[in-house]
Amino acid sequence: MEREIIRDKIHNWYFDYSNDIFNYVFFIVGEREQAKDILQDTFIRAFNNFNSFDGRNAKSWLFRIARNLSIDHLRRKKPIRYFLDYFPLVTSNDPGPEQIAMLNETERQLYVSMSKLKRDYRDVIILRKIKEFSISESAQILGWKENKVKVTLFRAMKELKIELEKEGYTNETVFRRSE
């Protein structure tokens, strides 16, 4: 495929998916500027590695690239925490003014509670419940089998409910259908 055609396709994908990918990456790394950098790197990597795209689901492919870049960033930034499988989503329990303005109380509590879950649980909740990917798409992004996505989501939602209840939060809308 010609370079110009690939560039146009990546350009269109950027307009279609960049907001969703940015929000996903921001949820993982917890830093707005770093999320912007990872978003840019995602599309650069997609352009440079277009020959590895199987042509099926561009959005899942891009999310997988973004996820891998986010994990690489976290490994470099906090290698000890990475190996302990703990990535805090917030750098402090005291959010800054920008974070407070952007999040309502429910979102803030969900964000803090999710930061206490193990990485696999956070990943599957973000993809299935927040980004609303299908089981198949989530499996493709995570490199898992579909059954693992289902089981992990079930366990993750159970753990999230426990974390939220520890904080005194019991909004049932968070716990709707976890398939």
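In this text, all values refer to a predicted model and were calculated from it rather than measured experimentally.

1. Digging into the packing of aromatic side chains
Logical step 1: Taken as a whole and assessed by the stated rule, the structure comprises 11 aromatic pairs.
Logical step 2: Sitting above the plane of the Y121 ring, K118 keeps its charged end 4.8 Å from the centroid.
Logical step 3: Over the aromatic face of W144 sits the side chain of K148, whose NZ or CZ is 4.5 Å from the ring centroid.

2. As for the environment of V151
Logical step 1: On the secondary structure map, V151 appears in helix α9 (residues 146-166).
Logical step 2: Considering only alpha carbons, one finds V151 and V124, 27 residues apart in sequence, at a separation of 10.0 Å.

3. Quick notes on the nonpolar core
Logical step 1: By size, the foremost hydrophobic cluster in this structure holds 47 residues, and its most contacted members are W13, I21, V25, L62, V124 and I125.
Logical step 2: Looking at this core, the element that brings in the most residues is helix α1 (residues 3-29), giving 12 residues.
Logical step 3: Filtering out sequence-adjacent residues up to four positions away, I21 remains in contact with L39, F43, L62, F63 and A66.

4. Quick look at helix α7 (residues 119-130)
Logical step 1: Within α7, nine of the 12 residues are buried, which leaves the element mostly enclosed by the surrounding structure.
Logical step 2: Once α7 ends, the next one or two residues include E132, with phi positive near 60°.

5. Digging into the confidence of the model for the protein chain
Logical step 1: Here the protein chain averages 81 in pLDDT, and 76% of its residues register 70 or above.
Logical step 2: Across the protein chain, the secondary-structure element scoring lowest on mean pLDDT is helix α4 (residues 79-83), at 44, and the one scoring highest is helix α2 (residues 32-48), at 95.
Logical step 3: Contacts of residues 79-95 to residues separated by more than four positions or lying in other chains number 26 contacts, the stretch itself having pLDDT below 50.

6. What about unusual backbone geometry?
Logical step 1: At E132, a position not held by glycine, the phi torsion is positive, near 60°.
Logical step 2: Its place among the elements puts E132 in the loop between α7 and α8 (135-142).
Logical step 3: Classification of E132 as exposed rests on a relative accessible area of 65%.

7. Some thoughts on the packing of α2 against helix α3 (residues 58-77)
Logical step 1: With their axes 9 Å apart at the nearest point, α2 and α3 run at an angle of 130° to one another. The orientation of α2 relative to α3 falls into the category oblique. Relative to α3, α2 is oriented so that their crossing is right-handed. Residue-level contacts link Q34, I38, D41, T42, F43, R45 and A46 of α2 to W61, L62, I65, A66, L69, S70 and H73 of α3.

What counts and how
- Every chain begins its residue count from 1, and numbering advances along the sequence as written.
- Side-chain atom pairs in this predicted model are given and counted only at pLDDT of 80 or more, local residue features only at pLDDT of at least 70, and totals for whole chains, interfaces and linings cover all residues.
- Excluded from the side-chain calculations are hydrogens and water; all other atoms, namely the structure's heavy atoms, are used.
- In summary, the pairing rule links any two rings of Phe, Tyr or Trp, Trp by its six-membered ring, whose centres are within 6.5 Å, and it sorts them by plane angle into stacked for under 30 degrees, edge-to-face for over 60 and tilted for everything else.
- Whether a charge sits over a ring comes down to the Lys NZ or Arg CZ being within 6 Å of the ring centre and within 35 degrees of the ring normal.
- For the purposes of this entry, the term helix denotes a DSSP run of H or I that reaches at least four residues, the term strand denotes a run of E that reaches at least two, and both are numbered from the N terminus.
- Residue types Ala, Val, Leu, Ile, Met, Phe, Trp, Tyr and Cys, when buried and joined through side-chain atoms within 4.5 Å, form a set referred to as a nonpolar core.
- Accessibility here uses a 1.4 Å probe with only protein chains present; expressed as a share of the type maximum, an area under 20% marks a residue as buried, one over 50% as exposed, and anything in between as partly exposed.
- For this analysis, residues touch if any pair of their heavy atoms sits within 4.5 Å.
- Confidence of the predictor at the level of single residues is captured by pLDDT, which takes values from 0 to 100.
- To get an axis, fit a line to the C-alpha atoms, keeping to the stretch in contact for a helix; angles then go from 0 to 180 degrees between the N-to-C directions.
- Any angle that falls under 35 degrees is termed roughly parallel, while one over 145 is termed roughly antiparallel, one within 65 to 115 roughly perpendicular, and all others oblique.
- Less than a right angle of anticlockwise turn of the near helix away from the far helix marks a crossing as left-handed, whereas a clockwise turn marks it as right-handed.

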